[in-house]
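The lines below spell out each chain.
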Amino acid sequence: PGFVPELDVRALVTHARRNGLRILGPGSMGLASPRPSTAIQAALVDVLLPAGNVAISMQSGTLAASLLRLAHRLQLGVSWFVSLGDKLDVSANDLLQFWEDDEATRVICLYTESVGNGRKFSRIARRVAARRPIVLVRTGAAQVGAGNTAMYRQSGVIEVPTVTALLDTARVLTFCPTMPGDRVAVVGNSRSPRVLAEATLRAGGLEPAACPVELGWRSTADDYRQALTAALADPGVDAVLVVYAPPTEHFLRAPHEAVDAAARGGDKPVVAVMLGTGDGPLVPGSPVPSFAFPEQAAAALGRVGFYSRWLRQEAAEAADADSADDTTVDTDAAETMLARIPDGPVDPARAGELLATYGITATPTRRVRAAEAVAAADLIGYPVAVKAVRRGVGRSAEAGIALDLTDADDVAAAVATMA
């Protein structure tokens, strides 16, 4: 910490945690929440964003101010802003678990420079992503290795290449986070932007769908309303990308209100590309995100498509697991077995039979004399573990525990060592 170089931060964290307090940083820009229910402004930068549903975590303090300025220009509403800094105590895993149950948060955005405990992150992220999307941009050490990319994808985390893409994706997810399929209709009045949008959609794993109503350069705001309404009602369309190319400078914002009204009446993702205008909401207060160029909008929809497919796969796997779970509990058999078990230590094989009456499969176990260990291992099947009844301290054959024994010779040698 630059302000107090003699401060022992680790000792401070230890003392704080003993007293029920958590520490952000060091190197943190603080935290803020503009929601009326919290109204926290404990950051070294002004967080002048409207209250919304996006939680943002930044590891880099120097980038935080720039990200907040960009979010302000996009009129992106946030539920929380947290700068983690060097993560000596509070980490991204902690924030994920906090935001998992935060009903004001609909989308989680993470910027990270280090992975930390990857296994723990994957486990937590997969659980949280089943409830609300996680969008992540990584750099530095976190960017190294294809294994991290695979971990994120399997956990349902939406990885993006830049901070701009982070906010663009969050803008789309706050409006409508999922797509029932991969078919996207491009509603537009100009051929070239439509072709560019469809190419980017294909690159993002989506399938351009036929638009029920064709538009041309003479199309009016009412024509756009009818075309978008028809596309949203079409069962063959899962999302809509609206493109408007103004025929002259005087018609820059001609269909904006009509598109916003039609999109609010649907239940599918809608993104708008209004050529000649900037990024932000389609109109002030609109949930429809607007983009300056087709590539940004199509790429953001591609990421929504990935998340939607992941959710459908997770739901299908959960349904398969539920249908496969036809376990029945045989309490009568359990009571009979318990009545026959004498007092004292229970034989492992008998314990396994008892657990089976409750649908619990135990690892095959045999309790035998040392001379019979090899025969018992052959019966169970390799690899096996051998444990002595009386054991010493430690995890070695000398202490009475031998693991990962792959054949009869291994078992014989382990028993000899124990003896």
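As shown above, the structure is provided for reference.
Residues numbered from 1 in each chain as written. Predicted model: local features only at pLDDT ≥ 70, side-chain atom pairs only at ≥ 80, totals over all residues. Heavy atoms only, no water.

(A) How the structure looks around the overall build of the protein chain. Helix and strand counts for the protein chain stand at 14 helices and 15 strands. Per element, the accessible surface of the protein chain, about 21,700 Å² overall, is 53% carbon and sulfur. Across the protein chain, 40 positive and 46 negative side-chain charges occur, with their mean positions spaced 4 Å apart. (Helix = DSSP H or I, 4+ residues; strand = E, 2+ residues; numbered from the N terminus. Areas by Shrake-Rupley, 256 points an atom, 1.4 Å probe, with all protein chains shown as cover. Lys, Arg positive; Asp, Glu negative; His and termini not counted. Charge placed at Lys NZ, Arg CZ, Asp CG, Glu CD.)

(B) Spotlight on the layout of surface pockets. Of the voids in this model, the largest pocket is the one considered here, and its volume is about 870 Å³. Of all the secondary-structure elements, those providing two or more residues to the lining of the largest pocket are α13 (373–380), β14 (384–387) and α14 (408–418). Here the lining of the largest pocket is built from residues that sort into 17 nonpolar, 3 polar and 6 charged. Estimated volume of the second largest pocket: approximately 340 Å³. Together, 20 residues line the second largest pocket, and Gln 75, Gly 77, Thr 174, Ser 286 and Pro 287 are the ones closest to its centre. The element best represented in the lining of the second largest pocket is strand β3 (residues 51–58), accounting for 4 residues. (1 Å grid on protein atoms, 1.4 Å probe; cavity = no way out; pocket = protein on both sides within 12 Å on 5 of 7 lines; lining within 4 Å. Points joined across faces, edges and corners; volume = space filled by probe spheres on them. Nonpolar A, V, L, I, M, F, W, Y, C, P; charged D, E, K, R; others polar.)

(C) Summary view of the sheet that holds strand β4 (residues 78–83). Read across the sheet, 7 strands follow the order β2-β1-β4-β3-β5-β6-β7 without closing on themselves; strand pairing throughout is mixed. Where the open sheet ends on each side, the last strands, each with one partner, are β2 (40–43) and β7 (158–159). Pairing geometry for strand β6 (residues 134–138) and β7, over 2 bridges, is parallel. Note on β7: the bridge partner recorded for Val 135 is Ile 158. In this fold helix α4 (residues 118–129) packs onto β5 (107–112) and β6, with an angle of close to 145 degrees to the strand it touches most, β6. Along the sheet, helix α6 (residues 163–175) contacts β3, β5, β6 and β7; its crossing angle with β5, the most-contacted strand, is approximately 170 degrees. (Pairing = 2+ DSSP bridges. Contact = heavy atoms within 4.5 Å. Axes fitted to C-alpha atoms, helices over the stretch in contact; angles between N-to-C directions.)

(D) Inspection of unusual backbone geometry at higher detail. In this structure, Pro 26 follows Gly 25 across a cis peptide bond, with omega equal to 0 degrees. Inspection of the secondary structure puts Pro 26 in the loop between α1 (9–18) and β1 (30–33). One non-glycine residue with positive phi stands out, namely Ala 39, at about 50 degrees. One non-glycine residue, Lys 87, lies in positive phi territory at about 55 degrees. The class for Lys 87 is buried, based on a relative accessible area of 18%. (Buried < 20%, exposed > 50% of the residue type's maximum accessible area, 1.4 Å probe, protein only.)

(E) Examining the sheet that holds strand β11 (residues 270–274) more closely. Ordered in space as β9-β8-β10-β11-β13-β12, the 6 strands form an open sheet in which the pairing is mixed. Every other strand in the sheet has two partners, leaving β9 (207–209) and β12 (280–281) as the edge strands with one partner each. For strand β10 (residues 239–244) and β11, the ladder comprises 5 bridges, and the chain directions are parallel. Residue Leu 241 lies in a different strand from β11, and its bridge partner there is Val 271. Sheet contacts for helix α8 (residues 221–233): β8 (183–188), β10 and β11; angle to β10, the most-contacted strand, approximately 160 degrees.

(F) Representation of a nonpolar patch on the surface. Among the surface-exposed residues, Val 329, Leu 355, Tyr 358 and Ile 360 lie close enough to one another that they form a single nonpolar patch of about 350 Å² accessible area. For Val 329, the location among the structural elements is in the loop between α10 (294–324) and α11 (331–340). (Patch = residues over 30% accessible without salt bridge, like charges linked within 9 Å, V, L, I, M, F, W, Y side chains within 5 Å. Salt bridge = Lys/Arg side-chain N within 4 Å of Asp/Glu carboxyl O.)

(G) Up close: the pairing of β8. With 5 of 6 residues buried, β8 is to be regarded as a mostly interior element. Across 3 bridges, β8 lies against β9 in parallel orientation. Paired with Val 184 across the strands is Pro 208, a residue of β9. For the crossover from β8 across helix α7 (residues 191–203) to β9, the handedness is right-handed. As defined by bridge partners, β8 adjoins β10 across 5 bridges and the pair is classed as parallel. Bridged to Val 186 within β10 is Leu 241. (Right-handed = clockwise from strand over helix to strand, strands pointing away.)

(H) Seen up close, the pairing of β6. Of all 5 residues in β6, 5 are buried, a share of seventy percent or more. Neither face of β6 is exposed, since Ile 134, Leu 136 and Arg 138 on one face and Val 135 and Val 137 on the opposite face are all buried. Across 5 bridges, the pairing between β5 and β6 is parallel. When the bridges of β6 are listed, Leu 110 appears paired with Leu 136.

(I) Highlighting the pattern of salt bridges. Throughout the structure, instances matching the rule amount to 15 salt bridges. Ionic pairing is found between Asp 89 and Arg 17, a salt bridge with its closest N-O pair at 3.0 Å. Note that Asp 89 is positioned in the loop between β4 and α3 (92–100) and Arg 17 in helix α1, a separation of 72 residues in sequence. On the basis of relative accessibility, which here comes to 7%, the residue Asp 89 falls in the buried class. Salt bridges sharing partners connect three or more residues here, namely Arg 17, Arg 22, Asp 89 and Asp 94.

(J) Inspection of the packing of α8 against helix α9 (residues 256–264) at higher detail. The N-to-C vectors of α8 and α9 enclose an angle of 20 degrees; their axes lie 8 Å apart at closest approach. On the basis of their axis angle, the class for α8 and α9 is roughly parallel. Here the hand of the crossing between α8 and α9 comes out right-handed. For the pair formed by α8 and α9, the contact residues are Ala 221, Tyr 224, Arg 225, Leu 228, Thr 229 and Leu 232 on the first element and Ala 258, Val 259, Ala 262 and Ala 263 on the second. Grouping the amino acids of the contact of α8 with α9 by side-chain chemistry returns 8 nonpolar, 1 polar and 1 charged. (Parallel < 35°, antiparallel > 145°, perpendicular 65-115°, else oblique. Left-handed = near helix turned anticlockwise from the far one by under 90°.)

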